[in-house]
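So you can see what is in the structure, the chains are spelled out below.
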Amino acid sequence: MPDENRFFRFVWRFNALALAVVVLFALGIAGYDAWRRYHYHDADNPVGGFTPVPKIAEKDATYRLDTYSGFSLMVGEKKERLLSLKRWEGPPESYGLAMSMTVQMDSPAGMVGLGAVNLLVIDGATGKSHWMFSGYKRLILSAVLLYEDEQPALAFQNRDATPAAGAILRIIDKDTNGDGKLTPDDRLSLYVYLPGSQPVEFLSADTIVSMDHIGKDKFLIVYENGKSAFAATYDSTIFKLISREQLPNVPK
């Protein structure tokens, strides 16, 4: 009889320990989720109910505006605010637990990480808005902001205080590798956008190596197509090609 009591006490203690481990694990998961939401502003989940896409589009995905990746542009008296429309995997009922088309990146000064499928352009004076592109099947990786004058790196930390005069958009809009998805592995296009105008594609490349302001009115882009690489200089005021030179091989 004493042995039987010891056995039952052992089973009870084991069950109590197992229950405690399960409870602590659940509390840990809940605590991590609360910490992540607080520190990352719910960036991993769609927020809001505004759904500007056809109902059929949200059969397997969720589309919502993301105010954390917005930026401002200004030319003369015309100021615009641009907001990203993002796509999450999973229909709205599942609350989109994972981003499908958003690309997380460490952005250098002047580059805004977007990971959007379209951009909503809002007129700062009238409040009227329109979509920059038609449809929602593209991947806008990032926007490099263009300023009328050269700006120090710190100026980019408060983009609303110093609105940019335009933006260069890095966009994937074609499934060039045939995997059925739009990802950074596909060939990308560069578009220039100025407030009050339409975005204009000016370059397509396999890989963009670098993009840099050169002085006040020039923009240098180094890119690769196949096994060749080029350095192209553009007039950043009208984005007209000034020169394009192939990069040399390392001398023997």
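Residues numbered from 1 in each chain as written. Predicted model: local features only at pLDDT ≥ 70, side-chain atom pairs only at ≥ 80, totals over all residues. Heavy atoms only, no water.

1. Considerations on the sheet that holds strand S14 (residues 240-246)
Alright, step 1. Sheet architecture is open: four strands sit in the order S11-S12-S13-S14, paired in antiparallel fashion. The sheet is open, and its two edges are formed by strand S11 (207-214) and S14, each paired on a single side. Averaged over all adjacent pairs, the angle separating strand axes in this sheet is 20°, with direction ignored.
Alright, step 2. Pairing of S11 with strand S12 (residues 218-225) involves seven bridges; the strand directions are antiparallel. Within S12, the position partnered with Asp-212 by the bridge is Leu-220. (Pairing = 2+ DSSP bridges. Helix = DSSP H or I, 4+ residues; strand = E, 2+ residues; numbered from the N terminus. Axes fitted to C-alpha atoms, helices over the stretch in contact; angles between N-to-C directions.)

2. Here we look at the confidence of the model for the protein
Alright, step 1. Confidence in the prediction for the protein averages 77 pLDDT; 69% of positions are at 70 or higher.
Alright, step 2. The low-confidence segment residues 96-107, where pLDDT is below 50, has 42 contacts with residues more than four positions distant or belonging to other chains.
Alright, step 3. This model gives residues 151-159 a pLDDT under 50, and the stretch forms 11 contacts once residues within four places in sequence are excluded. (pLDDT = per-residue confidence, 0-100. Contact = heavy atoms within 4.5 Å.)

3. Digging into the pattern of salt bridges
Alright, step 1. Here the structure, examined in full by the defined rule, presents six salt bridges.
Alright, step 2. Between Arg-187 and Asp-206 there is a salt bridge, and its shortest N-O distance comes to 2.6 Å. Placement of the pair is Arg-187 in the loop between strand S8 (166-172) and strand S9 (188-193) and Asp-206 in the loop between strand S10 (200-205) and S11, with a sequence separation of 19 residues. (Salt bridge = Lys/Arg side-chain N within 4 Å of Asp/Glu carboxyl O.)

4. Comments concerning the packing of aromatic side chains
Alright, step 1. Here the structure, examined in full by the defined rule, presents seven aromatic pairs.
Alright, step 2. On the numbers, 5.6 Å between centres and 85° between planes, the contact of Phe-133 with Tyr-191 is edge-to-face. One end of the pair, Phe-133, is in the loop between strand S6 (129-131) and strand S7 (139-146); the other, Tyr-191, is in strand S9, and 58 residues separate them in sequence. When sorted by exposure, Phe-133 lands in the same class as Tyr-191, which is buried.
Alright, step 3. Cluster of aromatic residues (ring-pair linked, three or more members): Phe-202, Phe-219, Tyr-234 and Phe-239. (Phe/Tyr/Trp six-rings, centres within 6.5 Å; stacked < 30°, edge-to-face > 60°. Buried < 20%, exposed > 50% of the residue type's maximum accessible area, 1.4 Å probe, protein only.)

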